[in-house]
Amino acid sequence: MPEFQYVAREMSGQQVTGQLSAGSVQEVVSSLSAKQLFPISVDLAEEAKAQQKYEGKRVRARYLAVFYTQLSDLLRSGVPLLRSLELLERQTNNQALKIVISDVRDQVADGTRLAEAMRAHPNVFSELAVSMIRAGEEGSFLEDVLQRIAYFTEHQEELKSRVTGAIAYPAFLMVVGTIIVTLMLIFFVPKFEPIFERLESRGGLPVATTILMTMSNFLGEYILFIVLALIGVGIFLKQYAATDVGMENIDKLRIRTPGLGPIVRSLAIARFCRILGTLLNNGVPILQSMRISKDATGNRVLADAIGVAADNISSGKSLAQPLKASGEFPEEIVEMIAVGEEANNLENVLINVADNMERLTYRQLELFVRLLEPIMLIIMAGFILFVVAGLLLPVFQSSGAL
């Protein structure tokens, strides 16, 4: 419960101050009244204010990676878990993470397992990290699991940075190009309307000019409604994406989009293979490993296919057969998994598959971005050429008539 600091008066009129742990201000007032104290002011303590300020905020991956690595090193050195969490709470410079570590430490001190204490902070610790830590606690290899999570966190952050950096320039071109063309249609093109009206009275206007003027008039008249409609669509999509059906449909669209879909699918499969191979290599049973690693894909369609495969494994079938039957995994990947199962070397095969898929995906992503830049430039040039042609064609047509 949060700490409240209060100022109150005794029956004698003497002023006293202090702190109380309570669920609300009303509870503090009731507690003070029971002690025959008359409250003057009740407010959250400074520590509680700081906790309220940073509570629920996300923590950057680089801070989490350092936390996982340091916790692993401390436990490997023989430092007890509670003492390790206390040391990390004092050392971290991230206030949001400091508050989370403090709460995790308090829960562990009350007898809660580390994984369950972390599960109470879903904005900080992912479901995958919590599941792996639970497996590490059950299998007595928590230090290794924490080191692996630190590696995965750093690896995913590096991949995210590469993807963001690769897409940033094309996205910038698209946004700037859209703004320029929209401003031209709203403010620049209408200035030619009187000229076009005179030319139209002498003869018909070219089709490009007619389309251009129609677009210009439509945007000039309804631009506010268009912006509000786009905002409304954005809010609806955000709410829709938060539903189970919406997330599944969006994930399905992500892996089936031409061009970018195969890249998203390959990255998801690579994450699944790497984490499954790592868990198997640490002695986690395959069924438990499957249930943990399916969340690593970040895609519900693939996670459902892996869940079906886990159910089939429990009935005595191999891993490769249900993955192939799902149709979501490339045939060559399924064949390599089948070979790994036959050779009783599945964990190493899965890690090799992840390495190869990531290298291939990086090359595909680089090629996709290289093609995306000139495509965006061509689209922008096409729009601007259309605007210029729509403005100049009537002039050329009028000059030819003279």
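For the structure given in this document, a descriptive report is provided here. Numbering of residues starts from 1 in each chain and follows the order in which that chain's sequence is written. Given that the model is predicted, a residue must reach a pLDDT of at least 70 before its local features are reported, and side-chain atom pairs must reach 80 or more before they are shown or counted; all residues, however, enter totals for whole chains, interfaces and linings. Hydrogens and water molecules were not included; the side-chain quantities draw on all heavy atoms of the structure.

1. Topic: the overall build of the protein
Numbering goes from the N terminus for both helices and strands, where a helix is a DSSP run of H or I of at least four residues and a strand is a run of E of at least two. Counting its regular elements, the protein contains 17 helices and 3 strands. In terms of overall dimensions, the protein is more spread out than a globule: its C-alpha atoms have a radius of gyration of 31 Å, far above the 21 Å expected for 402 residues. Taking the principal axes of the C-alpha coordinates as reference, the protein spans close to 100 × 80 × 35 Å. Per-residue and other accessible areas follow the Shrake-Rupley method at a 1.4 Å probe size, with only the shown protein chains counted as cover for residues. Carbon and sulfur atoms make up 59% of the accessible area of the protein, which amounts to about 22,600 Å² in all. Positive charge is attributed to Lys and Arg, negative charge to Asp and Glu, and no charge count is given to His or to the chain ends. To locate a charge, take NZ of a lysine, CZ of an arginine, CG of an aspartate or CD of a glutamate. One finds the centroid of the 37 positive side-chain charges in the protein at a distance of 4 Å from the centroid of its 43 negative side-chain charges. Each radius of gyration reported is based on C-alpha atoms, and the globular scaling rule is 2.2 Å times the count of residues to the power 0.38.

2. Structural notes on helix 4 (residues 81–91)
Listing the buried residues of helix 4 in full gives Ser84, Leu85, Leu87, Leu88 and Glu89. We call two residues in contact whenever any of their non-hydrogen atoms come within 4.5 Å of each other. Of the surrounding elements, those touching the buried residues of helix 4 are helix 3 (61–76), helix 5 (95–109) and helix 6 (114–119). Each residue gets one of three labels from its accessible area relative to the maximum for its type: buried under 20%, exposed over 50%, partly exposed in between, using a 1.4 Å probe on protein chains only.

3. Focus: the pattern of salt bridges
A side-chain nitrogen of Lys or Arg and a carboxyl oxygen of Asp or Glu constitute a salt bridge if their distance falls within 4 Å. Throughout the structure, instances matching the rule amount to 12 salt bridges. Here arginine 119 ties to glutamate 116 by a salt bridge, and the two come within 3.6 Å at their closest N and O atoms. In this pair, arginine 119 and glutamate 116 both sit in helix 6, 3 residues apart, roughly one turn of the helix. The class for arginine 119 is partly exposed, based on a relative accessible area of 29%. Accessibility expressed as a relative area gives 37% for glutamate 116, which makes it partly exposed. Taken together, the salt bridges that share partners define one network made up of Arg83, Glu86 and Arg90.

4. Looking at the side chain of arginine 271
In this fold, arginine 271 is placed in helix 12 (residues 261–281). One buried charged residue, arginine 271, remains without a salt bridge, the closest side chain of opposite sign being glutamate 358 at 7.6 Å. Setting aside chain neighbours within four positions, we find arginine 271 in contact with Gln156, Ala296, Thr297 and Gly298.

5. Comments concerning the nonpolar core
In a soluble, globular protein the nonpolar side chains are often hidden away together inside. Among buried residues, those of type Ala, Val, Leu, Ile, Met, Phe, Trp, Tyr and Cys that are joined through side-chain atoms within 4.5 Å constitute a nonpolar core. Judged by nonpolar contacts, the single largest core of 40 residues is most densely connected at Phe67, Tyr68, Leu114, Phe125, Met132 and Ile133. Secondary-structure elements contributing two or more residues to this core are helix 3, helix 4, helix 5, helix 6, helix 7 (127–139), helix 8 (142–188) and helix 12. With near-sequence residues (within four places) excluded, phenylalanine 67 lies in contact with Leu85, Leu88, Leu97, Ile101, Met118 and Phe125. Residues Ala270, Leu276, Ala310 and Met357 belong to the second largest nonpolar core, which totals 28 residues.

6. Side note on the packing of aromatic side chains
The criterion for an aromatic pair is that two Phe, Tyr or Trp rings (for Trp, the six-membered ring) have centres within 6.5 Å, with stacked assigned to planes under 30 degrees apart, edge-to-face to planes over 60 apart and tilted to the rest. Applying the stated criterion across every chain yields a total of 7 aromatic pairs. Ring centres 5.6 Å apart and planes at 55° place the aromatic pair phenylalanine 67 and tyrosine 68 in the tilted group. For phenylalanine 67, a relative accessible area of 4% gives the class buried. Ring centres of phenylalanine 272 and phenylalanine 329 lie 6.0 Å apart, and the angle between their planes is 65°; this geometry places the pair in the edge-to-face category.

7. So, the environment of aspartate 106
The residue aspartate 106 is located in helix 5 in this model. Residues aspartate 106 and isoleucine 133, spaced 27 residues apart in sequence, show a C-alpha to C-alpha distance of 18 Å. Definition of a polar contact: a pair of N or O atoms within 3.5 Å, with one able to donate and the other able to accept a hydrogen when the atoms are protein atoms, and with sequence-neighbouring residues admitted only if both atoms are side-chain atoms. Here arginine 105 takes part through its side chain, which lies 3.4 Å from a polar atom of the side chain of aspartate 106.

8. Observations concerning helix 11 (residues 244–256)
How far a helix is expected to stretch is found by multiplying one less than its residue total by 1.5 Å. In this model helix 11 runs 18 Å from its N-terminal to its C-terminal C-alpha over 13 residues, within 8% of the 18 Å that 1.5 Å per residue would give. Within the sequence span of helix 11, burial applies to Gly246, Asp251 and Ile255. Taken end-on, helix 11 shows its buried residues confined to a sector of 155°, consistent with a single buried face. The outward face of helix 11, more than 90 degrees from its buried face, is lined by the exposed residues Val245 and Leu253. Think of it as the arc spanned by the lines of direction from the helix axis to the C-beta atoms.

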